[in-house]
Amino acid sequence: MSGARARAWRLAGALCGLVVVLDQAAKALVEANLLPGESVEVLGPLEIVLSHNTGVAFGLASGGGAGLVVLVGLALAVVAYLFSRDPTRWGMWVAAGLLAGGALGNLADRIRADAVTDYIQIGAWPAFNLADVAVTCGVILLALSYLREGGSR
């Protein structure tokens, strides 16, 4: 493996680990200080609230159970495949690290508690968490990576 490819894998792995650690730490902090449904105003429409969902990002597909775990596993496999094809592509290691870290952060909740802990509430938008933000940003960056270079390098 070339130096650039190896570096991309290390950076993606480090970012993935950082996302998981920050996500799990934030969830533990909220769980320790708030009761379910309790909220704290932060600024304007932004609140910290403790809620749990059995869906995927932003509470979508609630109640999916084992099927969701399989779906997340398949999505991670696709990301790993795309990343392995060209880890040095513009933005790819960041996208892969964010996607994997976010997916693993929420998967850890689902395995541990059969529900994902959400804590960020903005207006009427469904509550979400740092892992959801990482997944969303990772998908956007992955799409931009392929759009920027026309899908090939």
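Look up: the structure comes first, before these words.
What this report covers is the structure whose coordinates are included nearby. (Residues numbered from 1 in each chain as written. Predicted model: local features only at pLDDT ≥ 70, side-chain atom pairs only at ≥ 80, totals over all residues. Heavy atoms only, no water.)

## Side note on the side chain of Asp 109
Phase 1 of the analysis: Within the fold, Asp 109 resides in helix α3 (residues 92-113).
Phase 2 of the analysis: If near-sequence neighbours (up to four positions away) are discounted, Asp 109 is found in contact with Gln 24, Lys 27, Asp 114, Ala 115, Val 116 and Thr 117. (Helix = DSSP H or I, 4+ residues; strand = E, 2+ residues; numbered from the N terminus. Contact = heavy atoms within 4.5 Å.)

## Here's the deal with the packing of aromatic side chains
Phase 1 of the analysis: One pass over the structure, following the stated rule, counts zero aromatic pairs.
Phase 2 of the analysis: Geometry around Tyr 146 places Arg 89 over its ring, the cationic atom sitting 4.1 Å from the centre. (Phe/Tyr/Trp six-rings, centres within 6.5 Å; stacked < 30°, edge-to-face > 60°. Lys NZ or Arg CZ within 6 Å of the ring centre and 35° of its normal.)

## Considering the packing of helix α1 (residues 3-33) against helix α4 (residues 130-148)
Phase 1 of the analysis: Between α1 and α4, the shortest axis-to-axis distance is 8 Å and the interhelical angle comes to 150°. As judged from the angle between their axes, α1 and α4 are roughly antiparallel. In this structure, α1 uses Val 19, Leu 22, Asp 23 and Lys 27 to contact α4, whose residues at the interface are Leu 130, Ala 131 and Ala 134.
Phase 2 of the analysis: Here the residues of the contact of α1 with α4 sort into five nonpolar, no polar and two charged. (Axes fitted to C-alpha atoms, helices over the stretch in contact; angles between N-to-C directions. Parallel < 35°, antiparallel > 145°, perpendicular 65-115°, else oblique. Nonpolar A, V, L, I, M, F, W, Y, C, P; charged D, E, K, R; others polar.)

## Some points on the side chain of Thr 117
Phase 1 of the analysis: Tracing the chain through its elements places Thr 117 in strand β3 (residues 116-122).
Phase 2 of the analysis: Within the structure, Thr 117 has its side chain in polar contact with the side chain of Glu 31 (distance 2.8 Å).
Phase 3 of the analysis: The residues touching Thr 117, leaving out its near neighbours within four places in the chain, are Lys 27, Glu 31, Leu 50, Ser 51, His 52, Asp 109 and Asn 129. (Polar contact = N/O pair within 3.5 Å; in protein donor to acceptor, adjacent residues only side chain to side chain.)

## Focus: a nonpolar patch on the surface
Phase 1 of the analysis: Residues Trp 90, Ile 140, Leu 144 and Leu 147 make up a contiguous nonpolar surface patch of about 410 Å² in total accessible area.
Phase 2 of the analysis: Its place among the elements puts Leu 147 in helix α4.
Phase 3 of the analysis: Note on Leu 147: relative accessible area 67%, which makes it exposed. (Patch = residues over 30% accessible without salt bridge, like charges linked within 9 Å, V, L, I, M, F, W, Y side chains within 5 Å. Areas by Shrake-Rupley, 256 points an atom, 1.4 Å probe, with all protein chains shown as cover. Salt bridge = Lys/Arg side-chain N within 4 Å of Asp/Glu carboxyl O. Buried < 20%, exposed > 50% of the residue type's maximum accessible area, 1.4 Å probe, protein only.)

## Observations concerning α1
Phase 1 of the analysis: If you check α1, its first and last C-alpha atoms are 45 Å apart, about what 31 residues at 1.5 Å a residue would give, namely 45 Å.
Phase 2 of the analysis: What α1 keeps buried is the set Ala 8, Ala 12, Leu 15, Cys 16, Val 19, Asp 23, Gln 24, Lys 27 and Val 30. (Expected span 1.5 Å × (residues − 1).)

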